[in-house]
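# Coordinate analysis (summary)
So the chains spell out like this:
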Amino acid sequence: MPLAILSRRSWCALGAVLLLTLLGSGGSGCRKSPRPAPPSGTDKVHTIGMSQCNLGEPWRVQMNADLRAASAQHPQLKLVFKDAQNDTLKQRAHVEEFVSAGVDLIIISPKEAAPLTEPVAKAVAAGIPVIVLDRRLLGDKYTCFIGADNKKIGRAAGEWVKRTLAGKGKVVELKGLMTSTPGQDRHSGFREGIAGFELEVIFEADMKWLEPDARKEMESALARFPKIDLVYAHNDPGAHGAYLAAQAAGREKEIRFVGIDALPQEGVAYVSQGILDATFQYPTGGTEAIDLALKILRGETVLKEVTLGSRLFTKENVATGGQPLD
Ligand code: FRU
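Predicted model, so just to flag it, every value in this text is computed and none were measured. (Residues numbered from 1 in each chain as written. Predicted model: local features only at pLDDT ≥ 70, side-chain atom pairs only at ≥ 80, totals over all residues. Heavy atoms only, no water.)

## Structural notes on the overall build of the protein
Across its full length, the protein carries ten helices and 13 strands. A buried classification covers 48% of the 326 residues belonging to the protein. Accessible surface, the protein: about 15,600 Å² in total, of which carbon and sulfur atoms supply 56%. (Helix = DSSP H or I, 4+ residues; strand = E, 2+ residues; numbered from the N terminus. Buried < 20%, exposed > 50% of the residue type's maximum accessible area, 1.4 Å probe, protein only. Areas by Shrake-Rupley, 256 points an atom, 1.4 Å probe, with all protein chains shown as cover.)

Have a look at this one:
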């Protein structure tokens with residue numbers, strides 16, 4: 001149609017198209033978001049519901065930050081975060097809400113295995129892929145699991161303790177929530193690692209991954225046992241809580257402290273400061289979860305299980321970035 005005979009309405013439409021094109025190309029200079037422009041054409045925006053079991057611990061804040069950073073590279077992804085505040089019932093409701101909202105994919109880092117198994121299975125049955133991060137569920141009714149090998153980390157911790165104490169000594173074990181799989185695996189792996197030597201676990205308690213609980217349990221251990229050689233805690237907040245209890249009792253110098261997580265700003269910093277003797281890295285898997293989500297949303301087949309590596313940090317190797325577990 002020649003330009004001269006375009007109707008008034010057509011001119012308006014043309015103007016709107018031009019304006020949108022300019023805005024889309026960043027020509028307006030007033031875009032609020034630093035995110036790249038949404039993809040054009042048929043790429044639809046995919047909504048991912050992410051249910052985090054709590055945000056009270058630095059490691060989980062880091063997981064969400066990793067997810068956010070990775071998804072920021074993909075403008076077709078929209079992440080909706082929910083925080084269950086360490087409440088299993090709340091987290092079950094999250095999954096159900098995501099299903100009713102019709103999200104395209106769910107990522108869950110579950111608080112406990114058994115109670116979260118059923119809602120996830122229902123989501124999968126409703127056709128929504130689910131990526132399980134860090135803590136496992138029961139059975140196999142999910143799309144994919146991503147996490148490090150907790151049994152291997154526990155065993156490596158046990159072997160490190162065996163070497164460091166020359167096969168002999170009194171140990172306190174502060175366990176993570178034992179209804180969660182990392183707690184179970186870090187415990188059984190550790191016991192395998194120290195087996196067959198004169199290492200005695202004189203005190204063990206479930207500190208539920210929480211620093212204040214670990215501190216309280218350690219106060220009881222210190223009150224009962226005049227000699228403690230080492231504390232193995234299933235995470236760095238637990239090891240730090242134990243250290244604080246020992247420090248308050250004036251006994252921190254005679255005890256070694258071992259933890260797991262190795263966040264640069266937490267466990268690794270404690271090793272550099274001489275608070276912890278060792279920490280084993282437990283990667284959050286946030287970046288890998290977004291990579292996998294993209295593949296699933298594109299209809300590609302993915303592995304059922306993605307196992308992440310780990311590193312050991314001690315005062316000898318902390319300055320050079322630790323050493324990988326073999
Ligand atoms: C955080 C945390 C980490 C631990 C992980 C295990 O909630 O306790 O410290 O490594 O969960 O699931």
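Resuming the write-up.
## Remarks on the sheet that holds strand 10 (residues 278-281)
As summarised here, the arrangement of the seven strands in space is 7-6-8-9-10-12-13, forming an open sheet in which the pairing is mixed. On the outer flanks of this sheet lie strand 7 (198-206) and strand 13 (323-324), each paired with one strand and no other. The pairing of strand 6 (residues 168-175) with strand 7 spans eight bridges and is parallel. Residue pairing across strands places V171 opposite V201, the latter belonging to strand 7. Across the sheet, helix 5 (residues 150-164) touches strand 6, strand 7, strand 8 (230-233), strand 9 (256-261), strand 10 and strand 12 (311-314), and the angle it forms with strand 10 is around 160°. (Pairing = 2+ DSSP bridges. Contact = heavy atoms within 4.5 Å. Axes fitted to C-alpha atoms, helices over the stretch in contact; angles between N-to-C directions.)

## Looking at the packing of aromatic side chains
Evaluated as defined, the whole model comprises three aromatic pairs. Both rings, one in W59 and one in Y282, keep their centres 5.2 Å apart while their planes meet at 20°; by these two values the pair is stacked. Of this pair, W59 sits in helix 2 (residues 58-71) while Y282 is found in the loop between strand 10 and helix 10 (286-297), placing the two residues 223 residues apart along the sequence. You'll find W59 and Y282 in the same group, each marked buried. Arranged with centres 5.4 Å apart and planes meeting at 75°, the rings of Y243 and F257 form a pair that is edge-to-face. With Y243 in helix 8 (residues 236-248) and F257 in strand 9, the pair connects residues that are 14 residues apart, well separated along the chain. The pair formed by Y243 and F257 is uniform in burial state, with each residue classed as buried. The positively charged end of K82 is found above the aromatic ring belonging to F98, 5.3 Å away from the centroid. (Phe/Tyr/Trp six-rings, centres within 6.5 Å; stacked < 30°, edge-to-face > 60°. Lys NZ or Arg CZ within 6 Å of the ring centre and 35° of its normal.)

## Describing the pattern of salt bridges
Taken as a whole, this structure holds 19 salt bridges when the rule is applied. Residue D134 pairs with R60 through a salt bridge whose shortest N-O separation is 2.7 Å. With D134 in the loop between strand 4 (130-133) and strand 5 (144-148) and R60 in helix 2, this residue pair connects regions lying 74 residues apart in the sequence. Judged by relative accessible area, which is 3%, D134 ranks as buried. On the accessibility criterion, R60 (3% relative accessible area) is buried. The closest approach of N and O atoms between E200 and K170, which form a salt bridge, is 3.2 Å. Pair noted here: E200 is in strand 7 and K170 is in strand 6, with a separation of 30 residues, a long-range link. Overall, the relative accessible area of 41% leaves E200 in the partly exposed class. The partly exposed category is assigned to K170, whose relative accessible area is 28%. Taken together, the shared-partner salt bridges connect E173, K175, R191 and E204 into one network. (Salt bridge = Lys/Arg side-chain N within 4 Å of Asp/Glu carboxyl O.)

## Re helix 4 (residues 113-125)
For helix 4, which comprises 13 residues, the first-to-last C-alpha distance of 18 Å matches the rise-based estimate of 18 Å (1.5 Å per residue) to within 8%. By the burial criterion, the buried members of helix 4 are A113, L116, T117, P119, V120, A121 and A123. (Expected span 1.5 Å × (residues − 1).)

## Examining the nonpolar core
One finds I107, I146, V161 and F280 to be the most contacted residues of the largest nonpolar core, which totals 43 residues. Both of domain 1 (45-148 + 284-309) and domain 2 (150-282 + 314-324) provide at least three residues apiece to this core. Here V161 is in contact with V171, F190, L199, L230 and V258, once residues within four sequence places are set aside. Judged by nonpolar contacts, the second largest core, of 29 residues, contains F203, L222, V268 and V271. (Core = buried A, V, L, I, M, F, W, Y, C linked by side-chain atoms within 4.5 Å. Domains from an automatic or database assignment.)

## Some words on the site of the ligand
The local shell around the ligand consists of N54, E57, W59, R60, D134, R135, P182, R186, W209, N235, D261 and Y282. Within the contact set of the ligand, an oxygen atom lies 3.0 Å away from a side-chain nitrogen or oxygen of E57. In this structure, an oxygen atom belonging to the ligand sits 2.5 Å away from a side-chain N or O atom of R60. Considering the ligand on its own, with 310 Å² of exposed area, one finds that the protein chains cover 100% of that surface. Of the pockets mapped on this structure, the ligand occupies the largest cavity. Partitioning the shell around the ligand into residue classes produces four nonpolar, two polar and six charged. Counting only domains with at least three residues in the shell around the ligand, you end up with domain 1 (45-148 + 284-309) and domain 2 (150-282 + 314-324). (Near = heavy atom within 4 Å. Polar contact = N/O pair within 3.5 Å; in protein donor to acceptor, adjacent residues only side chain to side chain. 1 Å grid on protein atoms, 1.4 Å probe; cavity = no way out; pocket = protein on both sides within 12 Å on 5 of 7 lines; lining within 4 Å. Sits in = over half its atoms within 2 Å of the grid points. Nonpolar A, V, L, I, M, F, W, Y, C, P; charged D, E, K, R; others polar.)

## Re the sheet that holds strand 1 (residues 46-52)
Working definition: the strands of a sheet are paired by backbone hydrogen bonds and lie parallel or antiparallel to each other. Reading across from one edge, 2-1-3-4-5-11 is the order of the six strands in this open sheet, with parallel pairing throughout. Two strands in the sheet have a free side with no partner beyond their single neighbour: strand 2 (77-83) and strand 11 (305-308). Each neighbouring strand pair of the sheet contributes to a mean axis angle of 15°, computed without reference to strand direction. Pairing geometry for strand 5 and strand 11, over four bridges, is parallel. Following the sheet pairing, F145 is matched in strand 11 by E305. On top of the sheet, helix 2 reaches strand 1, strand 2, strand 3 (105-109) and strand 4; it is set at about 165° to strand 2, its chief contact.

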